[in-house]
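The primary structure of each chain is shown beneath.
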Amino acid sequence: MTGAALCAVLAVIVASWLVRDVRAVDAEQLLRYWAGWYEARPKAAPATSPLDVVLLVVYVVAAVAALRSSVAATVLVATGVTTLAVRLPGVWNIGSRRMEVSFSDDLRSKALIGAFVALAAGVALVITAGAGRRPPADSYEQLPSRPGQGASVTAFLMLGAAGTVLIAWEIRQLVKTPEIFPDWYVGGDRVTQGLTDPPPGWGTAVVALLALFAAASALFHAVHARPFGLVAAGLLLSGGVLGVVRAVHYDLFEHFGSMRTETQLTVVSWVFEVIAALVVLMALAPRGLADVPGPYGPGPGYGPTGYGPVGYGAPPYAGPGDNPYQGPQPPTPGYGYPQGGGGFGPPPPPSQPPPGW
């Protein structure tokens with residue numbers, strides 16, 4: 001219940017800022033601004049970004065999962081780490097000179113309070129997940145699941161490739177426009193960002209690290225691979241869809257052959273993000289292999305993760321001819337809870353028109 005309450009608080013904070021923007025900016029103009037359309041002219045400076053929509057979904061899903069006892073621990077860890085990574089820059093950015101020009105003192109005060117509350121809730125989620133780990137109450141309680149072989153390989157390839165692509169574009173950004181460093185990552189007068197969101201470079205780097213962490217976790221069939229992978233896929237889908245919408249609006253697909261190579265690669269990267277995210281969501285959304293503690297299901301001998309010795313489990317009962325109580329079976333690979341992780345932030349559209357436009 002504690003985890004669900006913390007997620008509910010975080011969801012209320014995000015929803016409040018989204019409601020504020022819809023009222024102050026106008027929903028249509030807000031969507032245009034989020035999509036990166038140059039002709040978007042919001043009546044007031046938006047305080048949010050598409051990242052806040054993704055976070056709202058994550059918090060709602062995590063709150064529901066938190067009510068499912070032992071299954072929720074990895075979800076709470078992923079949610080807490082994500083919140084910490086995304087909201088940390090607000091501590092020093094909300095009071096910056098650029099924010100003073102764009103937002104009133106009242107809004108900045110509320111945003112700063114919200115940032116500290118979000119950080120405290122993020123820490124509390126991680127602590128709650130660690131303190132709440134326990135063996136299942138009985139044989140009917142749902143257990144955490146590890147991704148199967150096919151899902152693990154798929155998630156590893158897609159998330160690993162997507163994370164690598166994001167890092168490659170960040171390197172290109174710094175080489176091409178070194179004058180925006182370090183504002184691109186820590187915030188400053190030379191970049192544009194929402195009042196409650198991290199700087200563009202910070203957000204992109206975080207989602208890239210999250211994708212790579214989830215890819216490595218999936219490769220080893222770790223229990224935490226599913227929640228981290230699903231969060232990474234959701235953020236990749238958000239960034240990719242916004243990029244594709246922008247490409248359609250400016251007819252980039254129609255003039256694809258006549259564009260510069262870098263612009264073509266940008267469009268291809270947006271499309272790849274959408275495809276990779278959808279593939280990962282389809283691979284990891286279904287429950288995988290149950291993390292069964294020991295050869296006979298729930299019982300004595302739980303290991304440090306709260307679910308039995310690492311790498312020890314039993315195969316599923318296949319039919320009447322198979323006796324699941326024939327003694328210890330060969331171990332299956334697996335890991336416990338992560339000791340750390342990444343956060344996320346969707347890669348926002350470029351602040352300038354694509355090259356050649």
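Values in this document were obtained by computation on a predicted structure and should not be read as measured data.

Definitions and cut-offs
Think of each chain on its own: its residues are numbered from 1, step by step along the sequence as written. Where totals are concerned, whole chains, interfaces and linings use all residues; where local detail is concerned, this predicted model gives features only for residues with pLDDT of at least 70, and gives and counts side-chain atom pairs only at 80 or more. Side-chain descriptors were evaluated using all non-hydrogen atoms of the structure, hydrogens and water having been removed beforehand. We count a stretch as a helix when DSSP gives it H or I for four or more residues in a row; a strand needs E for two or more, and each element gets its number in order from the N terminus. Any two residues whose heavy atoms approach within 4.5 Å are treated as being in contact. Areas reported here follow the Shrake-Rupley algorithm with a probe of radius 1.4 Å; residue values treat only the protein chains shown as occluding. For the exposure calls, accessible area comes from a 1.4 Å probe over protein chains only, and a residue counts as buried if that area is under 20% of its type's maximum, exposed if over 50%, partly exposed in between. Pairs of N or O atoms are called polar contacts if they sit within 3.5 Å, as long as, within protein, a hydrogen donor faces a hydrogen acceptor (for residues adjacent in sequence, only side-chain-to-side-chain pairs). Note on patches: the residues involved have over 30% relative accessible area and no salt bridge, like charges join within 9 Å, and the nonpolar side chains Val, Leu, Ile, Met, Phe, Trp and Tyr join within 5 Å. When a carboxyl oxygen of Asp or Glu is within 4 Å of a side-chain nitrogen of Lys or Arg, the pair counts as a salt bridge. Expected span, for any helix, means 1.5 Å times one less than how many residues it has. Summary of the metric used: pLDDT quantifies the predictor's per-residue confidence within the range 0 to 100. By nonpolar core we mean a set of buried residues, namely Ala, Val, Leu, Ile, Met, Phe, Trp, Tyr and Cys, connected to one another through side-chain atoms within 4.5 Å. In this analysis, rings of Phe, Tyr and Trp, with Trp reduced to its six-membered ring, are considered paired at centre separations within 6.5 Å, and the interplanar angle assigns stacked below 30 degrees, edge-to-face beyond 60, and tilted for intermediate values. Lines fitted to C-alpha atoms define the axes here, with helix axes fitted over just the stretch in contact, and angles between the N-to-C directions of these axes take values from 0 to 180 degrees. Oblique is the label for any angle not covered by the other classes, which are roughly parallel (under 35 degrees), roughly antiparallel (over 145) and roughly perpendicular (65 to 115). A clockwise turn of the near helix away from the far one marks a right-handed crossing, whereas an anticlockwise turn of less than a right angle marks a left-handed crossing. Throughout, the ten residues Ala, Val, Leu, Ile, Met, Phe, Trp, Tyr, Cys and Pro are labelled nonpolar, Asp, Glu, Lys and Arg are labelled charged, and all others, Gly among them, are labelled polar.

> Would you mind showing me how to read the overall build of the protein here?
Scanning the protein for helices and strands turns up twelve helices and two strands. Along the chain direction, N to C, the helices and strands of the protein fall in the order α-α-α-α-α-α-α-β-α-α-α-α-α-β. For the protein, the share of sequence-separated contacts (at least 6 apart) that also reach a separation of at least 24 residues comes to 76%. As displayed, the protein has an accessible area near 16,400 Å², and 68% of this comes from carbon and sulfur atoms.

> Quick question: what am I supposed to make of the environment of Asp 183 here?
Here Asp 183 lies in helix α9 (residues 183-186). The class of Asp 183 is buried, set by a relative accessible area of 10%. Spatially, the C-alpha atoms of Asp 183 and Gly 201 are 8.5 Å apart, while their sequence positions differ by 18 residues. Beyond its immediate chain neighbours, meaning those up to four positions away, Asp 183 contacts Gly 188, Asp 189, Arg 190, Val 191 and Pro 199. Only 3.0 Å separates the side chain of Asp 183 from the side chain of Arg 190, close enough to count as a polar contact.

> Honestly, the environment of Ala 24 in this entry has me stumped. Any pointers?
Its location among the elements puts Ala 24 in helix α1 (residues 2-25). Along the backbone, Ala 24 and Pro 46 are 22 residues apart, and their C-alpha atoms lie at a distance of 8.0 Å. The contact partners of Ala 24, leaving out residues within four places of it in the chain, are Lys 43 and Ala 44.

> Help me understand a nonpolar patch on the surface, please; the structure alone is not making it clear to me.
Residues Leu 88, Val 91, Trp 92, Leu 112, Phe 116 and Val 186 make up a contiguous nonpolar surface patch of roughly 470 Å² in combined accessible area. Following the sequence through the fold, Trp 92 ends up in helix α5 (residues 90-93). The exposure class assigned to Trp 92 is partly exposed, which follows from its relative accessible area of 39%.

> Any chance you could explain helix α8 (residues 149-176) here in plain terms?
Since one α-helical turn is 3.6 residues long, residues separated by three or four positions face the same way. With 28 residues, α8 extends 40 Å from end C-alpha to end C-alpha; this agrees with the ideal 40 Å at 1.5 Å per step. Residues of α8 that are buried: Ala 151, Ser 152, Ala 155, Leu 159, Gly 160, Ala 162, Gly 163, Leu 166 and Glu 170. In this structure, the buried residues of α8 make contact with α9, α10 (200-219), α11 (225-249) and α12 (261-284).

> Help me understand the confidence of the model for the protein in this model?
Low-pLDDT portions of the prediction should not be read for the details of their coordinates. Averaged over the protein, the pLDDT score is 81; the fraction of residues at 70 or greater is 76%. Scored below 50 in pLDDT, residues 292-357 shows 148 contacts in the model against residues more than four places distant or in partner chains.

> It is not clear to me how the pattern of salt bridges should be interpreted in this structure. Could you clarify?
Opposite charge on two side chains lets them pair, provided their charged atoms get close. In this structure the tally under the stated criterion is ten salt bridges. Here Asp 52 makes a salt bridge to Arg 87, at a shortest N to O gap of 3.1 Å. One end of the pair, Asp 52, is in helix α3 (residues 50-65); the other, Arg 87, is in helix α4 (residues 73-87), with 35 residues separating them in the sequence. We classify Asp 52 as buried; its relative accessible area is 1%. When its relative accessible area of 8% is taken as the criterion, Arg 87 is described as buried. Among the ionic pairs, Asp 105 bridges to Arg 108, the shortest N-O distance being 2.1 Å. Pair noted here: Asp 105 and Arg 108 are both in helix α7 (residues 105-131), with a separation of three residues, about one helical turn.

> Which parts of the structure should I look at to understand the side chain of Asp 52?
Reaching out from Asp 52, the side chain makes a polar contact with the backbone nitrogen of Ser 49 at a distance of 2.9 Å. Once you skip the residues sitting within four places of it in the chain, Asp 52 turns out to touch Val 14, Leu 18, Arg 87, Thr 196 and Asp 197.

> What am I meant to see in the nonpolar core here?
Across soluble globular proteins, nonpolar side chains show a tendency to be buried alongside one another. Counting 53 residues, the largest nonpolar core has Leu 159 and Leu 235 as the members making the most contacts within it. Every residue in contact with Leu 159, bar those within four places of it in the chain, is listed here: Ala 211, Leu 212, Ala 214, Ala 215, Gly 229, Ala 232, Ala 233, Leu 236 and Val 280.

> Explain the packing of aromatic side chains here, please?
One pair of aromatic rings is described through two measures. These are the centre distance and the angle between the planes. On inspection of all chains with the given rule, the structure shows four aromatic pairs. Measuring from centroid to centroid gives 5.0 Å for Phe 213 and Phe 228, while their planes differ by 75°, and the two rings are edge-to-face. Of this pair, Phe 213 sits in helix α10 while Phe 228 is found in helix α11, placing the two residues 15 residues apart along the sequence. Its relative accessible area of 24% is what places Phe 213 among the partly exposed residues.

> Where do I start with the side chain of Thr 82 in this structure?
Note on placement: Thr 82 falls in helix α4. Residue class for Thr 82 comes out buried when judged on its relative accessible area of 2%.

> For this particular structure, what's the right way to read the packing of α4 against α11?
Between two packed helices, what matters for the description is the angle formed by their axes and the separation of those axes. The contact between α4 and α11 brings their axes to 8 Å, and the two run at 40°. Between α4 and α11, the angle falls in the class oblique. Relative to α11, α4 is oriented so that their crossing is right-handed. Contacts between α4 and α11 involve Thr 74, Val 75, Val 77, Ala 78 and Thr 82 from the former and Pro 227, Phe 228 and Val 231 from the latter. Tallied by class, residues from the contact of α4 with α11 come to six nonpolar, two polar and no charged.

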